[in-house]
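What follows is the residue order along each chain.
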Amino acid sequence: MLIEIPQVLNADELSRVRGILADAAWADGRITAGSQSAQVKNNWQLPEQSSQSAAARVILLEALNRNALFLSAALPKRIFPPLFNRYEGEHNTFGNHIDNAVRHCPVTGQRVRTDLSATIFLADPDNYDGGELVIEDTYGQHAVKLAAGDMVLYPGSSLHRVEPVTRGARVASFFWLESMVRETERRRLLFEMDMAILQLRNTGGDSEPVVNLTGCYHNLLRMWAEV
Ligand SMILES: O=C(O)CCC(=O)C(=O)O
Ligand SMILES: [Fe+2]
């Protein structure tokens with residue numbers, strides 16, 4: 001399931017992140033690629049240990065941790081510290097690949113199983129051409145190009161690519177996360193149930209059936225969650 005989450009970053013956070021990245025020294029994106037994806041990866045990336053990465057990451061993680069839609073859709077257990085990339089000029093594309101299943105996090109020393117992949121768009125889509133994130137799932141291909149501050153979340157098992165940027169620069173943050181609920185279908189069911197309960201609560205308040213349904217949500221989560 002592909003989920004778009006609008007305005008993960010507010011205007012102030014977006015401008016702070018952009019300010020930090022404006023002075024950054026970008027490196028060849030192949031620094032974090034496996035041998036197979038290195039053959040199709042042709043972008044810029046911020047070294048993960050750089051002070052700019054660390055400063056921008058804090059802003060993103062704070063925004064993610066207060067976003068109810070993100071928390072419900074992802075049910076995060078471990079979030080890999082967000083990375084930053086840039087597609088511009090001759091380094092402007094990333095061909096078809098599937099992300100590595102397990103990533104070692106140098107900051108925490110932990111391993112993260114990449115149940116979900118995420119991109120937070122940081123550049124205004126009017127300022128660049130191309131750069132769609134094309135994600136394949138069982139229903140076909142989806143081209144995603146979102147407003148600055150918006151995010152897309154998709155299963156880590158998906159084949160995906162970034163189309164060549166032919167004008168301007170596409171800047172984004174990308175990361176992976178391990179979910180408390182490993183199976184995509186279970187996670188999707190829980191998300192849909194949570195959203196339906198929210199709608200019922202907003203329209204009719206906490207009636208007895210709504211309380212019971214909320215109990216079912218938590219009991220399913222209790223059955224499936226690995227914490
Ligand atoms: O730039 C993006 O939106 C995705 C980057 C990506 O797929 C990756 O680094 O593995
Ligand atoms: Fe990827």
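Residues numbered from 1 in each chain as written. Chains lettered and ligands numbered in written order. Predicted model: local features only at pLDDT ≥ 70, side-chain atom pairs only at ≥ 80, totals over all residues. Heavy atoms only, no water.

Draft legend 1. Geometry of helix α4 (residues 184–204). Across its 21 residues, α4 extends 30 Å between first and last C-alpha, which sits within 8% of the 30 Å expected from 1.5 Å per residue. Along α4, the residues classified as buried are R187, L190, F191, M193 and I197. Along the long axis of α4, the arc covered by the buried residues comes to 165°, so they all point the same way. In this structure, α4 carries Q199, N202, T203 and G204 as exposed residues pointing more than 90 degrees from its buried face. Here the buried face of α4 lies against β1 (3–5), α3 (68–74), β10 (116–121), β17 (170–179) and α5 (208–224). (Helix = DSSP H or I, 4+ residues; strand = E, 2+ residues; numbered from the N terminus. Expected span 1.5 Å × (residues − 1). Buried < 20%, exposed > 50% of the residue type's maximum accessible area, 1.4 Å probe, protein only. Arc of directions from axis to C-beta. Contact = heavy atoms within 4.5 Å.)

Draft legend 2. Molecular detail of the site of ligand 1. Taken together, N85, Y87, F94, H97, D99, T119, L133, H160, V162, R170 and F174 make up all the residues around ligand 1. A distance of 2.8 Å separates an oxygen atom of ligand 1 from a polar atom in the side chain of T119. Look at ligand 1: alone it shows 290 Å² of surface, and the protein chains cover 96% of it. A molecule is said to occupy a pocket when more than half its atoms come within 2 Å of that pocket's grid points, and by this definition ligand 1 occupies the largest pocket. Residues of the shell around ligand 1, tallied by class, amount to five nonpolar, four polar and two charged. (Near = heavy atom within 4 Å. Polar contact = N/O pair within 3.5 Å; in protein donor to acceptor, adjacent residues only side chain to side chain. Areas by Shrake-Rupley, 256 points an atom, 1.4 Å probe, with all protein chains shown as cover. 1 Å grid on protein atoms, 1.4 Å probe; cavity = no way out; pocket = protein on both sides within 12 Å on 5 of 7 lines; lining within 4 Å. Sits in = over half its atoms within 2 Å of the grid points. Nonpolar A, V, L, I, M, F, W, Y, C, P; charged D, E, K, R; others polar.)

Draft legend 3. Seen up close, the UniProt feature "binding site: 2-oxoglutarate" (unreviewed entry) in the protein chain. Here, the residues flagged by UniProt with the feature "binding site: 2-oxoglutarate" (unreviewed entry) are R170. Within the secondary structure layout, R170 lies in strand β17. Ignoring anything within four residues of it in the chain, the contact list for R170 reads N85, R86, Y87, T119, F121, A123, Y128, G131, L133, V162 and V165. (UniProt positions renumbered as here; feature names shortened; annotations may be inferred.)

Draft legend 4. Representation of the domain arrangement of the protein chain. As assigned here, the protein chain comprises domain 1 (3–179) and domain 2 (184–224). Contact with domain 1, which involves 10 residues of that partner, is made by eight residues of domain 2. Contact between domain 1 and domain 2 buries roughly 680 Å² in total, counting both sides, with carbon and sulfur atoms accounting for 66%. The largest per-residue losses of area from domain 1 upon contact with domain 2 belong to L69, S72 and L75, which jointly make up 54% of the total buried on that side. Taken together, the links from domain 1 to domain 2 amount to zero salt bridges. Applying the counting rule to domain 1 against domain 2 returns two residue pairs in polar contact (both at pLDDT 80 or more). (Domains from an automatic or database assignment. Buried area = accessible area lost by both parts, 1.4 Å probe. Salt bridge = Lys/Arg side-chain N within 4 Å of Asp/Glu carboxyl O.)

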